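# Structure at a glance
Chain by chain, the residues run as shown.
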Amino acid sequence: MKRAGKYTFCVICFLLLLGGSSPAFSQHTKEVLRLVKEGNFRALEAYVKINVTRLHTMEWVIKRTVVDSFQEAVLRVSEMLPAPAGAIASPISNLEVKMLSGTNRLVYYSYSGSTTEYLGKDKFSITNELADSFMNKPVYWQFQQSFRQVYAADVKWTDLFLTNIVFGDHCGIVGMSPGQMVRLQSALAQKKTDSISIWLQSANTETQLYAIVGLRILQLYGYRLTTDEKRMVAAVRMKKGKVNTCSGCMVSDESPGEIVKRIEEGEFDYLRKAGGRS
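Scoring rules and cut-offs
Residues numbered from 1 in each chain as written. Predicted model: local features only at pLDDT ≥ 70, side-chain atom pairs only at ≥ 80, totals over all residues. Heavy atoms only, no water. Helix = DSSP H or I, 4+ residues; strand = E, 2+ residues; numbered from the N terminus. Buried < 20%, exposed > 50% of the residue type's maximum accessible area, 1.4 Å probe, protein only. Contact = heavy atoms within 4.5 Å. Areas by Shrake-Rupley, 256 points an atom, 1.4 Å probe, with all protein chains shown as cover. Disulfide = S-S within 2.5 Å. Phe/Tyr/Trp six-rings, centres within 6.5 Å; stacked < 30°, edge-to-face > 60°.

## Thoughts on the overall build of the protein
Helix and strand counts for the protein come out as eight helices and eight strands. Residues counted as buried form 48% of the 278 residues belonging to the protein. Counting only contacts in the protein whose residues sit at least 6 apart along the sequence, the fraction spanning at least 24 positions is 60%. Within the structure as shown, the protein displays about 13,900 Å² of accessible surface, and the carbon and sulfur contribution to it stands at 55%.

Spelled out as structure tokens, the structure:
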């Protein structure tokens, strides 16, 4: 479980091949991009695991199952480059890679990066911008088919690679609810069963977990899950990877199965009060 206030990482980049950069940094960056372009996801996982150092920081922002053997991942890497003569501070190169993988190979990837240099007096220079993408369309079609079989819906591309949704309630010092929890509470107050059930068909795991909370509360009012809903809840429970969660000032990550277990044990049953309002 991650600590509260986990590091905020800038996103990756390639541009370390510029003159004067350290060969070690250049090799790290070239190797990450080589593995991504080769589509060797398992080798990339292994490389990231053993190459986290003080000046070369890699972070899996998300890496979890979408359906069956297909998983989504967002990798961020930030490197501090050697400072040029006369520079105020060392430039920072940032790269972000979004990936959809099958059993071992990448089905899709896109990456973007840049180098940021501080010029003084709150001025920055952003240079060496980089971007590329790839999709294996036949295998992506298989991914779509798998998703339809489990969730009875097409994958919405906009539901993939989301890093700004957190699962939880009463988050932060003032105990505010995340936006998705506010929407859930509104749907519960209006008994919008269909709206809540549709969230189960999202490719975003946090959204699916909010749906499971909502269905749990509706069950307390006497609602009975459909066969499709039971199948989808079971699929979410079996997902591998982590979900970003919050509770008070604590930010952590937990497996979907752990969260489903807490939901089913009644941790969020307080939402039944006042028609879903906490």
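## Side note on the state of the cysteines
Linking two cysteines covalently via their sulfur atoms produces the bond known as a disulfide. On inspection of all chains with the given rule, the structure shows one disulfide. The disulfide that involves cysteine 171 links it to cysteine 246, with 1.9 Å between the sulfurs. Looking down the S-S bond of the cysteine 171 and cysteine 246 bridge, the torsion is 60 degrees, so its handedness is right-handed. Linking cysteine 171 in strand β6 (residues 167–171) with cysteine 246 in strand β7 (residues 243–248), this pair joins segments that are 75 residues apart in sequence. We classify cysteine 171 as buried; its relative accessible area is 12%. On the basis of relative accessibility, which here comes to 11%, the residue cysteine 246 falls in the buried class.

## Points about the packing of aromatic side chains
For the structure on display, the rule yields 13 aromatic pairs. With a centroid separation of 4.8 Å and an interplanar angle of 90 degrees, the aromatic rings of tyrosine 108 and tryptophan 157 are classed as edge-to-face. In this pair, tyrosine 108 is assigned in strand β4 (residues 106–120) and tryptophan 157 in the loop between α3 (137–151) and β6, connecting sequence segments 49 residues apart. By relative accessible area, tryptophan 157 is classed as partly exposed at 34%. Judged by centre distance (5.8 Å) and plane angle (65 degrees), the ring pair of tyrosine 140 and tryptophan 157 falls under edge-to-face. Here tyrosine 140, found in helix α3, pairs with tryptophan 157, found in the loop between α3 and β6; they are 17 residues apart in sequence, far enough to count as distant. Relative accessible area serves as the criterion here: at 12%, tyrosine 140 is assigned to the buried category. Put simply, the rings of Phe70, Tyr108, Tyr140, Phe143, Trp157 and Phe161 pair up and form one aromatic cluster.

## What to know about unusual backbone geometry
Phi is positive for aspartate 68, which is not a glycine, with a value near 50 degrees. Relative to the elements of secondary structure, aspartate 68 occurs in the loop between β1 (56–67) and β2 (70–80). Here aspartate 68 falls in the partly exposed class, since its relative accessible area comes to 49%.

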